[in-house]
Each structure stands twice: as structure tokens, then as C-alpha cells.
Amino acid sequence: MVGSAPQIGAVRWCRDAKVSVWASSTFGLTGGTVEEIPPSTSWFIATVVDLRWQQWGGWQATELQMSGGPEPSDQR
């Protein structure tokens, strides 16, 4: 049946996931014809809320949420 989770006997397999990633990005701009923007780093958390396995297409994300993340700490 197209569009349903694979079934083995009476067992139905769930193929859903939620993944969160803590990451950083760095942005800056320089050049002769642009206004200079010094490099800066920001931290964020990207969460794939609806990640599903599609039989013919592999993993597909239908919703992504982004939020500001905590800065790294030197404390251990």
C-alpha cells in the first residue's frame, strides 16, 4: 500500500523522528564595493519537528523550527 508504514505480520513499524542540532554560523562581509560588516558568530538550535521516512524518497522534513541557542561556556 503506497503511503503507509511498512508492515510485517501484525507489527506496524513507526518511521518518524524529531532531531535537534545545536550549531553556530559566522557571517561577515568585506570588499571594495560594499560596506564592511565585521564577522560575527551566532549560536542557534535547529529542530526538525516532522521528519518521516518515505518508502521511495528516504527521509523528508516537513517542518523546521529555529531558535536562539545558548553560547558555549568555558566552565566544566
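Just so it is clear, the structure is predicted and the values come from calculations on it, not from any experiment.

## Here we look at the overall build of the protein chain
Working step 1: In terms of regular secondary structure, the protein chain is built from zero helices and six strands.
Working step 2: Reading the protein chain from its N terminus to its C terminus gives the helix and strand order β-β-β-β-β-β.
Working step 3: Looking at the protein chain alone, contacts between residues at least 24 apart form 36% of all its contacts between residues at least 6 apart.

## So, the pattern of salt bridges
Working step 1: Inspection of every chain in the model, using the stated rule, returns one salt bridge.
Working step 2: As a salt-bridge pair, Asp 50 and Arg 52 come within 2.7 Å of each other at their nearest N and O atoms.
Working step 3: Overall, Asp 50 belongs to the partly exposed group, its relative accessible area being 22%.

## Looking at a nonpolar patch on the surface
Working step 1: Residues Phe 27, Leu 29, Val 34 and Ile 37 make up a contiguous nonpolar surface patch of roughly 340 Å² in combined accessible area.
Working step 2: Assignment of secondary structure puts Ile 37 in strand β4 (residues 37-54).
Working step 3: A relative accessible area of 37% places Ile 37 in the partly exposed class.

## Here we look at the confidence of the model for the protein chain
Any residue range with low pLDDT should be treated as having predicted coordinates unsuitable for detailed reading.
Working step 1: This prediction gives the protein chain a mean pLDDT of 78; 76% of its residues lie at or above 70.
Working step 2: Between residues 7-11, whose pLDDT stays under 50, and residues either more than four places distant or in other chains, the model counts three contacts.

## Focus on the environment of Pro 39
Working step 1: When you line up the elements, Pro 39 lands in strand β4.
Working step 2: Separated by 11 residues in the primary sequence, Pro 39 and Gly 28 place their C-alpha atoms 3.9 Å from one another.

## Description of the environment of Val 19
Working step 1: Here Val 19 lies in strand β3 (residues 16-29).
Working step 2: Separated by 28 residues in the primary sequence, Val 19 and Thr 47 place their C-alpha atoms 5.6 Å from one another.
Working step 3: Discounting chain neighbours no more than four positions away, the residues touching Val 19 are Ala 46, Thr 47, Val 48 and Leu 51.

## A word on the pairing of β4
Working step 1: Pairing geometry for β4 and strand β6 (residues 64-68), over five bridges, is antiparallel. Bridge assignment links Ile 45 to a residue of β6, and that residue is Ser 67.
Working step 2: Sheet analysis places β4 next to strand β5 (residues 58-61), joined by four bridges and oriented antiparallel. When the sheet's bridge partners are listed, Gln 54 is paired in β5 with Gly 58.
Working step 3: Connecting β4 to the antiparallel partner β5 that follows it, the hairpin turn spans three residues.

Conventions we followed
- Residues numbered from 1 in each chain as written.
- Predicted model: local features only at pLDDT ≥ 70, side-chain atom pairs only at ≥ 80, totals over all residues.
- Heavy atoms only, no water.
- Helix = DSSP H or I, 4+ residues; strand = E, 2+ residues; numbered from the N terminus.
- Contact = heavy atoms within 4.5 Å.
- Salt bridge = Lys/Arg side-chain N within 4 Å of Asp/Glu carboxyl O.
- Buried < 20%, exposed > 50% of the residue type's maximum accessible area, 1.4 Å probe, protein only.
- Patch = residues over 30% accessible without salt bridge, like charges linked within 9 Å, V, L, I, M, F, W, Y side chains within 5 Å.
- Areas by Shrake-Rupley, 256 points an atom, 1.4 Å probe, with all protein chains shown as cover.
- pLDDT = per-residue confidence, 0-100.
- Pairing = 2+ DSSP bridges.

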